[in-house]
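Examination of the molecular architecture
Listed below are the residues making up each chain.
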Amino acid sequence: FITREFNDGGVTYSTHLSLKNLVDNKYDIIVIDEIHLLSPAQIQVCKKLFKENKVVLGLTGTLSSWTKRDLKSELNLCVIAMYKIDQAIEEGVLPDYEIKVIKVPLDTKMEQDFKGKLRTEKKQFDNYTYVIKKLEETGKNTMFLRLGRMVIIQNSLAKLQKTKEILAKHPEDRILVFCGLTSIADKLGISSHHSKSKNNEDFSNFVEGKGNHLAVVKIGNTGVTYKALNRVIINYFDGNSENLAQKVNRCMSLEYNNPDKKAIIYIISSNEETELAWLKKALEFFDKSKIKYV
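Nothing here was measured: the structure is a model prediction, and the numbers come from that model.

**Points about the pairing of strand 9 (residues 231-234)**
Across a regular strand the side chains alternate sides, sitting on one face of the sheet and then on the other. Along strand 9, one buried face is formed by R231 and I233 and the opposite face, lined by V232 and I234, is buried too. In this structure, strand 6 (residues 175-178) lies alongside strand 9, joined through four bridges in parallel fashion. Residue pairing in the sheet places L176 in a bridge with V232 of strand 9.

The structure is reproduced here in structure tokens:
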């Protein structure tokens, strides 16, 4: 609005969380940015809001097939225009990219305390998988066991070590690392930023292009444009393609002083079938020819 010298006196600004305060209002148009992030509760709020407001525009850079289906069935919103990553690269709006998937076996040497039992992460992962399969055979709930198994992946010593190796190979390059746990981010030996951080200075400096390495947890995954950044390490991911695409997009900003920029994305995965299945689902948006498995 500032750039276009548009008078925004008639514009109401809201977060997704505060939409519930606007359901009785009428507008000429409602624009919902990052519409894929609406929670189930917020979708119900939108249903009420849309009863009196029929002109709605949803915006997102990452729309999975599941979210597309939900927005159609719940809010009757259809895709009317799409600008794909490949087209953006071809037309010079985004830089080219390469995804390197680095598979590592879970650690079998270092014993850890798992609720009073000393086991390696590989042994504990296998135990979870065995029990999950047995319970599934009898139709029992396995949600909490699956969450426990996911934490092993998030806290993996093997993945931590591989992340450190990549950082050590590129000491002068600016690299952003996405972790699943604050404890892992703090163990990398680099600056970290998350909900437990006491100040924002390191994060703010990195966003502005200062400093080489930074690890983040949740904070900084979306809506942040990092200056002079062409390498990202994803230490942890889930099966959500929108979440992964948002992380990858952090290093895909066009840099006018670096016209030949190519974004390099390292994804650290265990060689367990479960995590590789998450990864296959999460890579929905990306050109398979630009993904290399190491």
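**Comments concerning the side chain of S192**
Here S192 lies in strand 7 (residues 191-193). Of note is the side chain of S192, whose polar atom sits 2.6 Å from the side chain of D186. Beyond its immediate chain neighbours, meaning those up to four positions away, S192 contacts A185, D186, S197, L214 and A215.

**Let's talk about the sheet that holds strand 10 (residues 262-270)**
Ordered in space as 7-8-6-9-10-3-11, the seven strands form an open sheet in which the pairing is parallel. A single partner strand is all that each edge strand has here, and the edge strands are strand 7 and strand 11 (291-293). Averaged over neighbouring strand pairs, the angle between their axes works out to 20° when direction is ignored. In the sheet, strand 6 pairs with strand 8 (residues 213-216) via four bridges, with the strands oriented parallel. What sits directly across from L176, in strand 8, is L214.

**Quick look at the environment of H36**
On the secondary structure map, H36 appears in the loop between strand 1 (30-32) and helix 1 (40-52). Look at H36 and you get buried, because its relative accessible area is 9%. Sequence separation between H36 and S64 is 28 residues; the distance between their C-alpha atoms is 8.3 Å. In this structure H36 touches T60, T62, T67, E242 and Q246, once residues within four positions along its chain are discounted. Here T62 takes part through its side chain, which lies 3.4 Å from a polar atom of the side chain of H36.

**Some words on the side chain of T67**
Looking at the secondary structure, you find T67 in helix 2 (residues 65-75). A polar contact is formed between the side chain of T67 and the side chain of E242, at a distance of 2.6 Å. Filtering out sequence-adjacent residues up to four positions away, T67 remains in contact with H36 and E242.

**Here we look at the environment of R69**
Residue placement: R69 occurs in helix 2. On a C-alpha basis, the gap between R69 and L145 in space is 29 Å, while along the polypeptide they are 76 residues apart.

**Let's talk about unusual backbone geometry**
You will see that E5, though not glycine, has its phi angle at about 55°, which is positive. Position of E5 relative to the elements: it lies in the segment before strand 1. We classify E5 as exposed; its relative accessible area is 76%. For K218, which is not a glycine, the phi torsion comes out positive at approximately 70°. Relative to the helices and strands, K218 resides in the loop between strand 8 and strand 9.

**Let's talk about the confidence of the model for the protein**
In this model, the protein carries an average pLDDT of 93, and 100% of its residues clear a pLDDT of 70 or more. When mean pLDDT is taken per element in the protein, strand 1 scores highest with 98 and helix 9 (residues 241-249) scores lowest with 86.

**Description of helix 9**
Counting buried positions along helix 9 yields seven of nine residues, so the element is predominantly enclosed. Here helix 9 has its buried residues at S241, E242, L244, A245, Q246, K247 and V248. As for helix 9, its buried residues are in contact with helix 2, strand 6, strand 9, strand 10 and helix 10 (273-282).

**A few points about the state of the cysteines**
This structure, assessed with the given rule, holds zero disulfides. No disulfide involves C78; its nearest neighbouring cysteine sulfur is the one of C46, lying 15 Å away. The structure places no disulfide on C251, whose sulfur is separated from the nearest cysteine sulfur, that of C179, by 15 Å.

Rules used in this analysis
Residues numbered from 1 in each chain as written. Predicted model: local features only at pLDDT ≥ 70, side-chain atom pairs only at ≥ 80, totals over all residues. Heavy atoms only, no water. Buried < 20%, exposed > 50% of the residue type's maximum accessible area, 1.4 Å probe, protein only. Helix = DSSP H or I, 4+ residues; strand = E, 2+ residues; numbered from the N terminus. Pairing = 2+ DSSP bridges. Polar contact = N/O pair within 3.5 Å; in protein donor to acceptor, adjacent residues only side chain to side chain. Contact = heavy atoms within 4.5 Å. Axes fitted to C-alpha atoms, helices over the stretch in contact; angles between N-to-C directions. pLDDT = per-residue confidence, 0-100. Disulfide = S-S within 2.5 Å.

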